[in-house]
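Each chain, written out:
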Amino acid sequence: MKNNPLYIILESKIFIEKILQLLGTPKILWIALSGGRDSVCLLYIAIKVINRLREILSLSMILPKIYAIHINHHFHKDAAKFENFCHTLCAKFNVPLFVEHLHLHKFNENIAREARYYFFYKHLNKNDVIWLAHHRDDQSETFIMRLMRRAGVKGLTGIPHIRSLGKGKLMRPLLGVTGEVINAYALKYNLNWIDDISNLYINFDRNYVRHNIIPYIKIRWPDAIESLALCVDYLKESDNLLNCFAKDMLQAISNNHSIIPIDKIIIIENARLKLLIRYCLLCLKFPMPPKKRLDTLINQIKKTNGSMFCIRWENVEARCWRRIFFILYTKKKSLSIFYINLIKLQSSFLKKMDLSLLTIIHIKCSEFFFINGHKRNIKKILQFANIPIWERNSIMLLFIINELIAIIGINFIFVSDNCNLKKLII
Ligand SMILES: Nc1ncnc2c1ncn2[C@@H]1O[C@H](COP(=O)(O)OP(=O)(O)OP(=O)(O)O)[C@@H](O)[C@H]1O
């Protein structure tokens, strides 16, 4: 096993050149280090890649520095073991390690993931890059899980190779290789890591797919991982095309993802209208409606012919009022949006603030924010961040705000005591 030649893929010229090309020359290359096999290998590869860069670049060029970041979730009984392991490993390689702590009353996988990305976001400065160790098997598992959740093209596109995150970029250089290759690499270089025993619990969907489904598919189709990952690549291309199409459609009728004249959309054919609404929701980072809800919404748009209606799912409301179609967020948003919007205001100040004083980011439209919370606390933050406050509780403000944004392009905050939009409208 130690001589397994598979590891060579990770040392091939093609692999190294591809990641060097993607990497560019950031000031800091962050490695998201969990202490597991994949991220330990990634750290090792990063060190080698920077050494390679040192050989190619002229002496006058500044090399990216490698920093590692570990999030201690304090939930796992081995949490301290993982953190200590990361400290020892980074000390060995002379890589500075930043540890962030997350204390949740009750562990929730999704919130923990969102919080992780928030911490990554917080550390990334302009042009920094962070590497995560997802690989081909993760991609194929995600694909199968999403199939079972009846995802459409967008959902099946899986994990992206590269995307922006705050001021920097998030990359997954190992997404093109399988776990088997990473394993061979780890064995070849005698790397140590900690096995997360929770990866064996098949009551989690991912683990069920990993242990109970993929091995069976591979008996019949040994290249299954590769084939599934290729499907994901094809779907990514289709999804990009659909997004371009939807963007053009929107640009022709509105300059806002959440406010569109109803007369412009009534005439759009159903399948295109669905695509347009999904695109707006995607840009607004709002949750997608279940299929039946979206069908009902389309029916309402066509049937009511511009009179009032309201369709809700999760915390989203799609409304028509005074011949304007609105997409609004009405209640508590997920942790990342909550943090990320606040952090935009003034991160150093917020660090000192007790965030629990604020209850909810109420609605986030593309250019302005509705915040609900104790007025005193919100005002304190906004004043500190030099953001003008408008206090009114009329939906008419939406129009005024929209007009002002269109005319002078300002950003400001609307603070309302009563964020029940239904009441406001009536
Ligand atoms: N607690 C953490 N701190 C820092 N980064 C993390 C943490 N958990 C996950 N990551 C990053 O996200 C990637 C994917 O996480 P996930 O839990 O899906 O994978 P994994 O199989 O546990 O990976 P690994 O073998 O590195 O632990 C990890 O490889 C790592 O880069």
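Parameters at a glance
Residues numbered from 1 in each chain as written. Predicted model: local features only at pLDDT ≥ 70, side-chain atom pairs only at ≥ 80, totals over all residues. Heavy atoms only, no water. Phe/Tyr/Trp six-rings, centres within 6.5 Å; stacked < 30°, edge-to-face > 60°. Helix = DSSP H or I, 4+ residues; strand = E, 2+ residues; numbered from the N terminus. Buried < 20%, exposed > 50% of the residue type's maximum accessible area, 1.4 Å probe, protein only. Lys NZ or Arg CZ within 6 Å of the ring centre and 35° of its normal. UniProt positions renumbered as here; feature names shortened; annotations may be inferred. Contact = heavy atoms within 4.5 Å. Polar contact = N/O pair within 3.5 Å; in protein donor to acceptor, adjacent residues only side chain to side chain. Salt bridge = Lys/Arg side-chain N within 4 Å of Asp/Glu carboxyl O.

Asks: Which residues make up the packing of aromatic side chains, and what are the values?
Replies: Here the structure, examined in full by the defined rule, presents 12 aromatic pairs. Ring centres of Y44 and F93 lie 5.8 Å apart, and the angle between their planes is 55°; this geometry places the pair in the tilted category. Of this pair, Y44 sits in helix 2 (residues 37–56) while F93 sits in helix 3 (residues 79–93), and the two are 49 residues apart along the sequence. Using a relative accessible area of 22% as the deciding quantity, one classes F93 as partly exposed. Put simply, the rings of Y7, Y44, F93, Y185 and Y189 touch in pairs and so form one group of aromatic residues. Note that K188 overlies the ring of Y189, its terminal NZ or CZ placed 5.8 Å from the centroid. Here the basic side chain of R220 rests over the ring of W221, its NZ or CZ set 5.9 Å away from the ring centre.

Asks: So what about the UniProt feature "binding site: ATP" (unreviewed entry) in the chain? Which residues, and what values?
Replies: Taking the UniProt record as the reference, the feature "binding site: ATP" (unreviewed entry) is found at S34, G35, G36, R37, D38 and S39. By the element assignment, R37 lies in helix 2. Residues in contact with R37, not counting those within four places in the same chain, are H135, G179, I182, N183, A186 and W193. Within polar-contact distance, the side chain of R37 engages the side chain of D38 at 2.8 Å. Locating D38 in the fold gives a position in helix 2. Sequence-distant contacts of D38, defined by excluding residues within four places in its chain, comprise A133, H135, L174 and I182.

Asks: Describe in detail the pattern of salt bridges, supporting the description with residues and values.
Replies: Enumeration over the complete set of coordinates arrives at 18 salt bridges. One salt bridge connects D138 with R210, and the closest N-O pair in it is separated by 3.7 Å. Of the two residues, D138 sits in helix 5 (residues 136–148) while R210 sits in helix 8 (residues 205–220), which places them 72 residues apart along the sequence. Classification of D138 as buried rests on a relative accessible area of 9%. The partner of K291 in a salt bridge is D295, with the nearest N and O atoms 2.9 Å apart. Taken together, the positions of K291 and D295, both in helix 12 (residues 291–304) and 4 residues apart, correspond to about one turn of that helix.

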